[in-house]
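Examination of the molecular architecture
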Amino acid sequence: MQQYLQPDKMSTRRQFQSKKKTHRTNPLLCSPSTLILPLGLPGNPPPPSSQTPSTAHIESTARPLSKLGHPVVILISSDGFRFGYQFKTATPNIGRLIANGTEAEHGLIPVFPTLTFPNHYSIVTGLYPAYHGIINNRFADPHTGEIFTMGSHEPKWWLVPFEERVDTVLGYFDLPSSEIPIFMTLYFEDPDHQGHQVGPDDPEITDAVARIDRMIGRLIQGLEKRGVFDDVTIIMVGDHGMVGTCDKKLIFLEDLAPWIEIPGDWVQSHTPLLAIRPPPGVSPSDVVAKMNEGLKSGKVDNGKNLRVFLKEELPSRLHYVASDRIPPIIGLVEEGFKVEQKRSKRQECGGAHGYDNAFFSMRTIFIGHGPEFARGQKIPSFENVQIYNLVTSILKIQGAPNNGTQSFPQSILLSSP
Ligand SMILES: [Zn+2]
């Protein structure tokens, strides 16, 4: 439904004009690893002490907490968990969350560019990348020249086994009730890691999905053992999807030489987000015009699968203009195609993401399970900038201004009893 796709433009714009820097104090902002928030933020009501009522066939009100003294949200992110992966194999534990919770029936829509860092920051801030500032996985700050990189995101740096990450979160439920953090995150770098190497349809993905499901099972069991499974809110998402790529679907910038020379050092990222910052003195609109002329000429291999824009002329639904970190020239690549500087002998097939968030292959999952999520409810797809308001609403804390719609939480959550 359209209303879920449109952020509350008027109010966010006003908020940004008046309180430009408020997102720096965002209580949920973190890097996508494990984050723990202590209790003590304002607005936590005393817990109702009544027993969980037996579920009627149609629920309308949230179920009261039976054991925990305050709401707790565990936000789980499985990197590159494309929507539909849950059907690749038996996923009994994810299935249990879906059956007893609320699911975005056709998936969660990532923000553009559909890359890991921009999306994780959007999930925990409710802001589009232009506003939270992480506009790519790697970019140069135009003022200082400093390079931001997600190098530390490579799997080799993640030394903590998945089981241990789950157990760390479970361990916090052994603390005295008042010391249990209100917000925890669990991050798994799979199945993204396999998706890049082998593409989304390889049996390796099936194994990775089964493993993620086992981790969800471990979490559920641990929470059940502690008698808090029904009290805890679990929100399970991915950051983006994945699409198969192959080296016959390539566009080479060197092929544009008859129209315009694009030196490698103008290019901040090649694929699937082509981002170009020409040096001062070179007109970006001139570059765009010449590139598009070449791409449309029919003389550049796969040229029609790349369209180049001045960032101000990108479709507004991408929200990818309002930051000077975003280079002036952005290319949109057709699903499954890649852009490279020059020809090579490589013959590889794999997977990629980062494309236009309108592609279904870029969608990921959203499942909400807990006292405020109706059991077995299906909701239309929505953008992940809505999740922040959802979390702050469940935790009953005041969030920072953001691009999500203020009324979104009440449109999908059960009302307070
Ligand atoms: Zn990835």
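The text that follows walks through the structure, step by step, so that each part is easy to find. Everything numeric in this text was worked out from a predicted model, so none of it was measured. (Residues numbered from 1 in each chain as written. Predicted model: local features only at pLDDT ≥ 70, side-chain atom pairs only at ≥ 80, totals over all residues.)

**Observations concerning the overall build of the protein**
As a reminder, the rule being used: Under the DSSP-based scheme used, a helix requires at least four consecutive residues in state H or I and a strand at least two consecutive residues in state E, with every element numbered from the N terminus. In this scheme every C-beta is placed from the backbone, and a residue whose C-beta has 20 or more other C-beta atoms within 10 Å is buried, one with 12 or fewer is exposed, and one in between is partly exposed. C-beta atoms are first placed from the backbone for all residues, and any pair lying within 7 Å is then listed as a contact.
The number of helices and strands found in the protein is 11 helices and 17 strands. Looking at the protein as a whole, 44% of its 417 residues qualify as buried. Considering only intrachain contacts with a sequence separation of at least 6, the fraction spanning at least 24 residues in the protein is 77%.

**Considerations on the nonpolar core**
Our working rule: When buried Ala, Val, Leu, Ile, Met, Phe, Trp, Tyr and Cys residues are joined through C-beta atoms within 7 Å, the set is termed a nonpolar core. Where each domain starts and ends comes from a domain assignment, either automatic or drawn from a database.
Residues Val73, Ile74 and Val391 are the most contacted members of the largest nonpolar core, which totals 99 residues. Ranked by the residues each element gives to this core, the list is headed by helix H8 (residues 203-225), at 9 residues. The residues that make up this core include at least three from each of domain 1 (7-242 + 358-412) and domain 2 (247-347). Contacts of Val73, omitting those with residues within four sequence positions, involve Ile182, Phe183, Thr233, Ile235, Val391, Ile394 and Leu395.

**Side note on the environment of Arg375**
Checked against the element boundaries, Arg375 lands in the loop between strand E16 (366-369) and strand E17 (377-379). With 274 residues separating them in the primary sequence, Arg375 and Gly101 have C-alpha atoms 4.3 Å apart.

**Observations regarding the environment of Thr206**
Turning to its location among the elements, Thr206 is positioned in helix H8. Residue class for Thr206 comes out partly exposed when judged on the 15 C-beta atoms lying within 10 Å of it. The spacing of Thr206 and Tyr85 is 121 residues in sequence and 7.7 Å in space, taken between C-alpha atoms.

**Focus: the sheet that holds strand E13 (residues 329-333)**
Short version of the rule: What makes two strands pair is DSSP finding at least two bridges between them. Only the stretch in contact is used when fitting a helix axis, every axis being a line fitted to C-alpha atoms; angles between N-to-C directions are given from 0 to 180 degrees.
The antiparallel open sheet is built from 4 strands, whose spatial order is E10-E11-E13-E12. Looking at the sheet topology across the chains shown, the edges are occupied by strand E10 (267-269) and strand E12 (306-310). When the angles between neighbouring strand axes are averaged without regard to direction, this sheet yields 25°. Here 5 bridges tie E12 to E13, and the two strands are oriented antiparallel to one another. What sits directly across from Val308, in E13, is Gly331. Helix H9 (residues 284-296) rests against strand E11 (273-276), E12 and E13 of the sheet, and its axis sits at about 165° to E12.

**A look at helix H10 (residues 387-395)**
Counting buried residues in H10 gives 8 out of 9 residues, a clear majority hidden from the surface. Where H10 is concerned, the buried positions are Ile387, Tyr388, Asn389, Leu390, Val391, Thr392, Ile394 and Leu395. For H10, the elements touching its buried residues are strand E2 (73-78), helix H4 (116-125), strand E6 (183-188), strand E7 (233-237) and helix H11 (408-412). Looking one or two residues past H10, Lys396 carries a phi angle of roughly 55°, positive in sign.

**Topic: the packing of helix H3 (residues 92-99) against H8**
To keep things clear, this is the line we draw: Should an angle fall under 35 degrees it is taken as roughly parallel, and over 145 as roughly antiparallel, whereas 65 to 115 is taken as roughly perpendicular and any remaining angle as oblique. Ten residue types, Ala, Val, Leu, Ile, Met, Phe, Trp, Tyr, Cys and Pro, are classed as nonpolar, four, Asp, Glu, Lys and Arg, as charged, and the remainder, Gly among them, as polar.
Two numbers describe how H3 lies on H8: the axes approach to 7 Å, and their chain directions differ by 60°. The angle between the axes of H3 and H8 places the two elements in the oblique class. Contacts from Pro92, Asn93, Ile94, Arg96 and Leu97 of H3 reach H8 at Asp213, Ile216, Gly217 and Ile220. Among the residues making up the contact of H3 with H8, the classes are represented as 5 nonpolar, 2 polar and 2 charged.

**Considering the packing of helix H6 (residues 162-171) against H8**
How we decide: The sense of a crossing depends on the near helix, which, turned anticlockwise from the far helix by less than a right angle, makes the crossing left-handed and, turned clockwise, makes it right-handed.
Two elements in contact, H6 and H8, have axes separated by 10 Å at closest approach and are oriented at 25°. On the basis of the axis angle, H6 is roughly parallel to H8. The hand of the H6/H8 crossing is right-handed. Side by side, H6 and H8 meet where Phe162, Glu163, Val166 and Leu170 of the first sit next to Met215, Arg218, Leu219 and Gly222 of the second.

**Things to note about the pairing of strand E8 (residues 243-246)**
Moving residue by residue along a regular strand, the side chains alternate between the two faces of the sheet. Only one face of E8 is covered, namely the one carrying Val243 and Thr245; the face carrying Gly244 and Cys246 has none of its residues buried. The pairing of E8 with strand E15 (residues 349-352) spans 4 bridges and is classified as antiparallel. What sits directly across from Thr245, in E15, is Gly350.

**Quick word on unusual backbone geometry**
The residue after Phe112, namely Pro113, is reached through a cis peptide bond having omega 0°. By the element assignment, Pro113 lies in the loop between strand E3 (102-104) and H4. Looking along the chain, the bond that leaves Thr271 and enters Pro272 is cis, with omega of -10°. Among the structural elements, Pro272 can be located in the loop between E10 and E11. Phi is positive for Asn302, which is not a glycine, with a value near 60°. The class for Asn302 is partly exposed, based on 18 C-beta atoms found within 10 Å. We note that Lys396 has phi near 55°; this positive angle belongs to a residue other than glycine.

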